[in-house]
Each structure stands twice: as structure tokens, then as C-alpha cells.
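The residues making up each chain are set out below.
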Amino acid sequence: KQHHLTIHDIQEVIGTMDPLDGAGDFLDGLRERTQVILLSDTFEEFAKPLMKKLGWPTLFCNSLVIDQSGTIQDFRLRQAEGKKKAVMAMQSAGFTVHAAGDSYNDLGMIQQAEKGAFFHPPARILTEYPQYAVFYDYPAFAGFLLG
């Protein structure tokens, strides 16, 4: 509000960003073999430009409250510990869940899943949670998730 930025301004900047090299092919390859759901702490309105570039994968995330002028007024978290609870819900429906994330906000989800890993995490998390697999390239990561 202070700088008079609207959701349209923010989405325009995000629209100039591209997914990581290989991310689209990685997701397409996974979706050929299994169901894929992205769980994110971001906001739907921020994610839309990147989701379009990735072929609109299923995304569970939070949302923003935006007024008619496009000004962000507030945010709505779906629920506390949303990623972990989403994994629990999928498991209660009979799904086996393989999960991965890049940082501390993904720990509950990774710990709850039948199989969990980190993808491009900060170095500090590796020393604190050495029991989880770590990946830096998509082919090895896909092999882990699908294996």
C-alpha cells in the first residue's frame, strides 16, 4: 500500500520470472507416471504466472484478499500446518505420499510422508536433518520420488 503496488504490478514482475531449468519437463514426467500435487506456502495470486508456464499443475496454497483496485488487503492461510495436514488427508484417503521441499517450512510434510527428501535445501538444514535424502538435479530426484 505504501508504494501503491497492486496485485497486477506484482504479477507482472513474477511473470518475467521463469521456473528453474528442467522444472516443466520434470513435472510432465512425473504426471505421466503418478498424480502430482504441489503444496506451497505461497499465495495463489503470486503463483499464477509461474503455474501457467508449468502447464497449470495442481497447486494447494494460500490466498490473498484483494480489493477492486487490485490492492492487497489481507491474506488467508488455508490452515495452520497446511502441508502436513494435506499429506495426512491424502494418506487417510489411502494414498501413499512421497514429499519433498527445500526448507524448514516443508519439514512437517516431509516427516509425515512415507518417503521424504530435500531439493536444493540450504546447507544448515542438511546438518540438522541428515536422515533425509538430498537432491540437486531433476533426474535423480524423479528416480527417488517414483522409485
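Going by the structure above, here's the rest.
Residues numbered from 1 in each chain as written. Predicted model: local features only at pLDDT ≥ 70, side-chain atom pairs only at ≥ 80, totals over all residues. Heavy atoms only, no water.

Engineer: Break down the packing of helix α1 (residues 7-14) against helix α3 (residues 44-53) for me, citing the residues and quoting the values.
Structural biologist: At a closest axis distance of 9 Å, the pairing of α1 and α3 adopts a crossing angle of 35°. Crossing of α1 against α3: the hand is right-handed. Between α1, through I7, I10, Q11 and I14, and α3, the contact on the second element is made entirely by E45, F46, K48, P49 and L50. Taken together, the residues of the contact of α1 with α3 break down into six nonpolar, one polar and two charged. (Axes fitted to C-alpha atoms, helices over the stretch in contact; angles between N-to-C directions. Helix = DSSP H or I, 4+ residues; strand = E, 2+ residues; numbered from the N terminus. Left-handed = near helix turned anticlockwise from the far one by under 90°. Contact = heavy atoms within 4.5 Å. Nonpolar A, V, L, I, M, F, W, Y, C, P; charged D, E, K, R; others polar.)

Engineer: Outline unusual backbone geometry, listing residues and values.
Structural biologist: Backbone geometry at W56 places phi at a positive 55°, although glycine is not the residue there. Mapped onto the secondary structure, W56 falls in the loop between α3 and β2 (58-66). Residue W56 is classed as exposed on the basis of its relative accessible area of 52%. Positioned with a positive phi, E81 is a non-glycine residue whose angle comes to about 55°. Within the fold, E81 resides in the loop between β3 (72-76) and α4 (82-92). Taking the relative accessible area as the measure of exposure, E81 reaches 53% and is therefore exposed. (Buried < 20%, exposed > 50% of the residue type's maximum accessible area, 1.4 Å probe, protein only.)

Engineer: Describe in detail the sheet that holds β2, supporting the description with residues and values.
Structural biologist: Strand order in this open sheet of three strands is β1-β2-β3, and the pairing throughout is mixed. Edge positions in the open sheet fall to β1 (37-43) and β3, since each of these has one partner strand only. Strand-to-strand twist in this sheet, taken as the mean axis angle between neighbours without regard to direction, amounts to 30°. Pairing of β2 with β3 involves four bridges; the strand directions are antiparallel. (Pairing = 2+ DSSP bridges.)

Engineer: Mind laying out the pattern of salt bridges, listing which residues take part and the relevant values?
Structural biologist: This model, assessed by the stated rule, comprises six salt bridges. As a salt-bridge pair, D28 and R31 come within 2.7 Å of each other at their nearest N and O atoms. Taken together, the positions of D28 and R31, both in helix α2 (residues 23-33) and three residues apart, correspond to about one turn of that helix. Judged by its relative accessible area of 30%, R31 falls in the partly exposed class. D41 is the salt-bridge partner of K83, the closest N and O atoms lying 3.5 Å from each other. Placement of K83 in helix α4 and of D41 in strand β1 is noted, with a sequence separation of 42 residues between them. Taken together, the shared-partner salt bridges in this structure form one network comprising D41, K83 and D106. (Salt bridge = Lys/Arg side-chain N within 4 Å of Asp/Glu carboxyl O.)

Engineer: Give a description of the nonpolar core that names residues and reports values.
Structural biologist: Among the nonpolar cores identified, the biggest contains 16 residues, and F26, L30, F135, Y138, F141 and L145 are the most heavily contacted of them. Among the secondary structure elements, those contributing two or more residues to this core are α2, α3, β5 (115-119) and α7 (138-146). With 13 residues, the next largest nonpolar core counts L39, M90, M109 and I125 among its residues. (Core = buried A, V, L, I, M, F, W, Y, C linked by side-chain atoms within 4.5 Å.)

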